[in-house]
Amino acid sequence: TPTTCLILAAVWLAVSAHEKATDSRRYFGAGLCLGLLILVKPSAMLIFAPLAIAGIIWLRRRGGVTIRVIRQVATPVLLILAGWTVVASIHYGELTLRDPEYADANLRQSSSLKNDAYDLDEVEPNFWLKPIFGEAGDDPVGYFALLSRKVYRMWSRPYNDFDRVWILPYQMSEWIHLLFVISGAVGLTILARRSAAMAAFPVAVILYYAILHAIFHSIPRYNLSAMPMILLGAGFAGQLVWE
């Protein structure tokens, strides 16, 4: 929840800062939100990079990127990034942003063709000895098929691991979720063809999470932080249909 809120706040502050040119503090606020994401969730630590690229694309159609804007956005991000890097590196005894063994284990399990990239809380005896992408090298076709399954696994249904039902049957919730995902993808594709700048922020967030969890662990819960951007695309698709 805080990850999703900070992503939305960063995008809103960046957009509204341009609309209210007299209030440049909003660019600093956008940078602060991106910096706080480094502290909130490991999978969101580097999202400032694609969002920075999206911001450049967005601003190029609105007078270009200025040194002042770069300084205001980058200052809080770099300060928090530097501080956290020092703390984490001292704690783990090497240059890192997070527990390097956990990241290594995550990547090894997420590349396992045998377990279909699921984290089963159990590993083979030679788990730490074999190459991380050893199975991918032995069976590249199978590995790319695994990546496709992981993308499908992440986006194909809403997160509901506890089988809760609220008003609608769960099967109907799945269909509604798929409708939003498909219409969101269609809407953002059309929007990007019309204006890359307008689609830059939502596409950056969606691609970041799609690529990240195609490589690392992938379960439906991990689509939550990108779903607001999917809904923006779905809203645009709905507007086109209405018109």
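The structure reproduced in this document is the subject of the present report. Going along each chain's sequence as written, the residues are numbered from 1 onward. At least 70 in pLDDT is required for a residue's local features to be given in this predicted model, at least 80 for side-chain atom pairs to be given and counted, and no such filter applies to totals for whole chains, interfaces and linings, which use all residues. Side-chain measures were taken over the full set of non-hydrogen atoms in the model, leaving aside hydrogen atoms and water.

1. Considerations on the overall build of the protein chain
Stage number 1. In DSSP terms, a helix is any run of H or I states spanning at least four residues, a strand is any run of E spanning at least two, and both are numbered starting from the N terminus. Along the protein chain, the regular secondary structure elements total ten helices and zero strands.
Stage number 2. N-terminal to C-terminal, the α/β element order of the protein chain is α-α-α-α-α-α-α-α-α-α.
Stage number 3. Its C-alpha atoms give the protein chain principal-axis dimensions of about 60 × 50 × 35 Å.
Stage number 4. Here the term buried applies to any residue with accessible area under 20% of the maximum for its type, exposed to any over 50%, and partly exposed to those in between, with areas from a 1.4 Å probe on protein chains only. Going through the 243 residues of the protein chain one by one, you find that 42% of them count as buried.
Stage number 5. Taking contacts inside the protein chain between residues at least 6 apart in sequence as the whole, the part at least 24 apart equals 66%. Contacts were defined at the residue level, with two residues in contact if any of their heavy atoms lie within 4.5 Å.

2. A few points about the packing of aromatic side chains
Stage number 1. The criterion for an aromatic pair is that two Phe, Tyr or Trp rings (for Trp, the six-membered ring) have centres within 6.5 Å, with stacked assigned to planes under 30 degrees apart, edge-to-face to planes over 60 apart and tilted to the rest. For the structure on display, the rule yields four aromatic pairs.
Stage number 2. Judged by centre distance (5.1 Å) and plane angle (85 degrees), the rings of Phe127 and Trp128 are edge-to-face.
Stage number 3. A relative accessible area of 5% places Phe127 in the buried class.
Stage number 4. Centroid distance Tyr143 to Phe144: 6.1 Å. Interplanar angle 70 degrees. Geometry classified as edge-to-face.
Stage number 5. Owing to a relative accessible area of 10%, Tyr143 belongs among the buried residues under this scheme.
Stage number 6. Residue classification places Phe144 among the exposed residues on the basis of a relative accessible area of 56%.
Stage number 7. Look at NZ for Lys and CZ for Arg. If either is within 6 Å of the ring centre and within 35 degrees of the ring normal, a charge sits over the ring. Sitting over the face of the ring of Phe127, Arg108 holds its NZ or CZ atom 6.0 Å from the ring centroid.
Stage number 8. The ring of Tyr118 has Arg153 sitting right over it, with the charged end atom 3.8 Å from the ring centre.

3. Remarks on helix H2 (residues 25-40)
Stage number 1. Helices are assigned an expected span. That span is 1.5 Å times one less than the residue count. Taking 1.5 Å as the rise per residue, H2 with 16 residues should run 22 Å; its terminal C-alpha atoms sit 22 Å apart, in good agreement.
Stage number 2. Those residues of H2 that fall on the buried side of the exposure criterion are Arg26, Tyr27, Gly29, Ala30, Gly31, Cys33, Leu34, Gly35, Leu37 and Ile38.
Stage number 3. Taken together, the buried residues of H2 touch helix H1 (2-19), helix H3 (48-60) and helix H4 (67-92).

4. Regarding the pattern of salt bridges
Stage number 1. Salt bridges are defined by distance alone: a side-chain nitrogen of Lys or Arg within 4 Å of a carboxyl oxygen of Asp or Glu. For the structure on display, the rule yields three salt bridges.
Stage number 2. Between Arg108 and Asp104 there is a salt bridge, and its shortest N-O distance comes to 2.9 Å. Of this pair, Arg108 and Asp104 both sit in helix H5 (residues 100-110), four residues apart, which is roughly one turn of the helix.
Stage number 3. The class for Arg108 is buried, based on a relative accessible area of 10%.
Stage number 4. Relative accessible area serves as the criterion here: at 21%, Asp104 is assigned to the partly exposed category.

5. With respect to H3
Stage number 1. Between its terminal C-alpha atoms H3 stretches 18 Å, which fits the 18 Å expected from 13 residues at 1.5 Å a residue.
Stage number 2. Of the positions making up H3, those classed as buried are Phe48, Pro50, Leu51, Ala54, Gly55, Trp58 and Leu59. The buried residues of H3 occupy an angular sector of 165 degrees when projected down its axis, which confines them to one face. Exposed and oriented more than 90 degrees from the buried face of H3 are Ile53 and Arg60. The directions considered for the arc run from the helix axis to the C-beta atoms.

6. Section: the packing of H3 against helix H9 (residues 196-215)
Stage number 1. Only the contacting stretch of a helix is used when fitting its axis, a line to C-alpha atoms as for every element, and angles between N-to-C directions run 0 to 180 degrees. Where H3 meets H9, the axes come as close as 8 Å, and the angle between the chain directions of the two elements is 170 degrees. The pairing of H3 with H9 is recorded here as roughly antiparallel in orientation. Here H3 contributes Pro50, Leu51, Ala54, Gly55, Ile57 and Trp58 to the contact with H9, which in turn contributes Ala196, Ala197, Ala200, Phe201, Ala204, Val205 and Tyr208.
Stage number 2. Gly falls in the polar group here, along with every residue not listed as nonpolar (Ala, Val, Leu, Ile, Met, Phe, Trp, Tyr, Cys, Pro) or charged (Asp, Glu, Lys, Arg). For the contact of H3 with H9, the class distribution of residues is twelve nonpolar, one polar and no charged. Roughly parallel covers angles under 35 degrees, roughly antiparallel covers those over 145, roughly perpendicular covers 65 to 115, and oblique covers all other angles.

By themselves, these are just geometric observations and shouldn't be taken as functional.
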